[in-house]
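# Structural features, examined
The residues making up each chain are set out below.
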Amino acid sequence: FGSGGGIDCFLAARSVGEQGRVIGIDMTQEMVDLARANAARLGISNAEFHLSEMEHTPVEDETADILISNCVINLAPDKAAVFREAYRVLKPGGRLMVSDMVLVEELSEEQEADRSRRDDWVACLAGAELKSVYLGKIADAGFTEVEVASVTHVGNGEGWRSKVRSMDIRATKPGG
């Protein structure tokens, strides 16, 4: 989800080999076009790219073994829908691997009002949710074994930005 110019997909395509398949989803035509051009330039034939929002993908039910997303889901207005869609496209036993910006503390009203600036959206910070809420949405979608694999402080932010962390989160779709 959120394949951008394709770098994560190309790394995955190399990992799954010629017998595997990688599907990239991005919501902007510009990024889909760039990813397709990059795949052609690199000679990668087992990656495909689709224009779609994460909440409603063209991927069939129970298609993917692994779903990855790198700092994109926090920008979605309906994160719960994104996690439900991830659950739908994963096979039983499939794994969700997400790296995203998450809040580690509640924000004051003043801090909440301050985080709507355009620069914070561009920096992938403004959509960050409280860790318990974010992880809860993953669990509510049906995932189990929801865990934070690593946490990284995001620079020397002041105000509400000091409460944001980059988290690598793993979860599993039951079954399989």
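As a reminder, the structure under discussion sits directly above these lines.
Right, let's walk through the structure included here. What you see as residue numbers is a count from 1 along each chain, following the sequence as written. Local features in a predicted model are, by the rule used here, given only for residues with pLDDT of at least 70; side-chain atom pairs are given and counted only at 80 or more, and totals for whole chains, interfaces and linings are based on all residues. Only hydrogens and water are set aside; all other atoms, that is, all heavy atoms of the structure, feed into the side-chain values.

## A word on the pattern of salt bridges
Condition: By definition, a salt bridge exists where a carboxyl oxygen of Asp or Glu is found within 4 Å of a side-chain nitrogen of Lys or Arg. The way it works is that DSSP assigns letters per residue, a run of H or I at least four long becomes a helix, a run of E at least two long becomes a strand, and they are numbered from the N terminus.
As enumerated under the stated definition, the model contains 7 salt bridges in all. Asp61 is the salt-bridge partner of Arg88, the closest N and O atoms lying 2.5 Å from each other. Separated by 27 residues along the polypeptide, Arg88 in helix α3 (residues 79-89) and Asp61 in the loop between β2 (47-51) and β3 (64-70) bring together distant segments of the chain. One salt bridge connects Arg88 with Glu85, and the closest N-O pair in it is separated by 2.6 Å. Note that Arg88 and Glu85 are positioned in helix α3 at a spacing of 3 residues, about one turn of the helix. Members of the salt-bridge network, linked through shared partners, are Asp61, Glu85 and Arg88.

## Thoughts on the nonpolar core
Soluble globular proteins tend to pack their nonpolar side chains together in the buried interior. For clarity, the cut-off: Nine residue types can take part in a nonpolar core, namely buried Ala, Val, Leu, Ile, Met, Phe, Trp, Tyr and Cys, and a core is a set of them joined through side-chain atoms within 4.5 Å. Summary of the burial criterion: residues with accessible area below 20% of their type's maximum are buried, those above 50% are exposed, and those between are partly exposed, where the area comes from a 1.4 Å probe applied to protein chains only.
Leu96, Tyr134, Ile138 and Phe143 are the most contacted members of the largest nonpolar core, which totals 25 residues. Contributing elements (two or more residues each) for this core: β3, α3, β4 (90-103), α6 (131-140) and β7 (164-172).

## Details of helix α1 (residues 7-16)
The condition is simple: The directions considered for the arc run from the helix axis to the C-beta atoms. Here, two residues are considered to be in contact whenever any of their heavy atoms come within 4.5 Å of each other.
What α1 keeps buried is the set Cys9, Phe10 and Ala13. For α1, the angular spread of buried residues about the axis comes to 100°, placing them on one side. For α1, the exposed residues lying more than 90 degrees away from the buried face are Ile7, Arg14 and Ser15. Residues of α1 that are buried in the fold lie against β1 (22-26), α2 (29-42) and β2.

## Quick notes on the pairing of β4
When a strand is regular, its side chains alternate between the sheet's two faces. Rules: One bridge is not enough; two strands pair if DSSP finds at least two bridges between them. The path from the first strand over the helix to the second decides the hand: if it runs clockwise while the strands point away from the viewer, the crossover is right-handed.
As paired elements, β3 and β4 share 6 bridges and run parallel to each other. Opposite Leu67, over in β4, you have Leu96 as the bridge partner. This β-α-β element, β3 to α3 to β4, shows right-handed connectivity. In the sheet, β4 pairs with β7 via 9 bridges, with the strands oriented antiparallel. Its bridge partner being in β7, Asp100 is matched across the sheet by Met167.

## Quick look at the layout of surface pockets
Rolled over the atoms, a probe with the dimensions of a water molecule shows which regions are left empty. We apply this condition: Only protein atoms enter the 1 Å grid used here, on which a cavity is any set of points holding a 1.4 Å probe that cannot leave and a pocket is any open set flanked by protein within 12 Å on both sides along at least five of seven lines; residues with an atom within 4 Å of a point are listed as lining. Grid points are joined across faces, edges and corners, and a volume is the space filled by probe spheres set on the points. Classification used: nonpolar for Ala, Val, Leu, Ile, Met, Phe, Trp, Tyr, Cys and Pro, charged for Asp, Glu, Lys and Arg, polar for all others including Gly.
There is about 640 Å³ of room inside the largest pocket. Taken together, 25 residues make up the lining of the largest pocket; nearest its centre are Arg21, Val22, Ile23, Ala64 and Ile66. At the level of elements, α1, β1 and β3 are the ones that each hand at least two residues to the lining of the largest pocket. Of the residues forming the lining of the largest pocket, the biggest block, 7 residues, is contributed by β3. As for the second largest pocket, its lining consists of 16 residues, of which Gly2, Asp26, Met27, Val72 and Leu75 are closest to the centre. Tallied by class, the residues present in the lining of the second largest pocket amount to 9 nonpolar, 4 polar and 3 charged.

## Remarks on the packing of aromatic side chains
Two aromatic rings are characterised by how far apart their centres lie and by the angle between their planes. Basically, it comes down to this: Pairing of aromatic rings covers Phe, Tyr and Trp, the last through its six-membered ring, and needs centres within 6.5 Å; plane angles under 30 degrees mean stacked, over 60 mean edge-to-face, and all others mean tilted.
Inspection of the entire model under this criterion finds 3 aromatic pairs. When the centroid spacing of 5.4 Å and the interplanar angle of 85° are considered together, the rings of Phe83 and Tyr134 count as edge-to-face. Placement of Phe83 in helix α3 and of Tyr134 in helix α6 is noted, with a sequence separation of 51 residues between them. Comparing Phe83 with Tyr134, the two get one shared label, buried.

## As for α6
Side chains three or four residues apart in an α-helix point the same way, a direct result of the helix having 3.6 residues per turn. Three or more residues of α6 are buried, namely Tyr134, Leu135 and Ile138. All buried residues of α6 lie within an arc of 90° about the axis, which places them on one face of the element. For α6, the exposed residues lying more than 90 degrees away from the buried face are Ser132 and Asp140. Each element contacted by the buried residues of α6 is listed here: α3, β4, β5 (129-130), β6 (144-153) and β7. Following α6 by one or two positions, Gly142 adopts a phi angle in the positive range, close to 115°.

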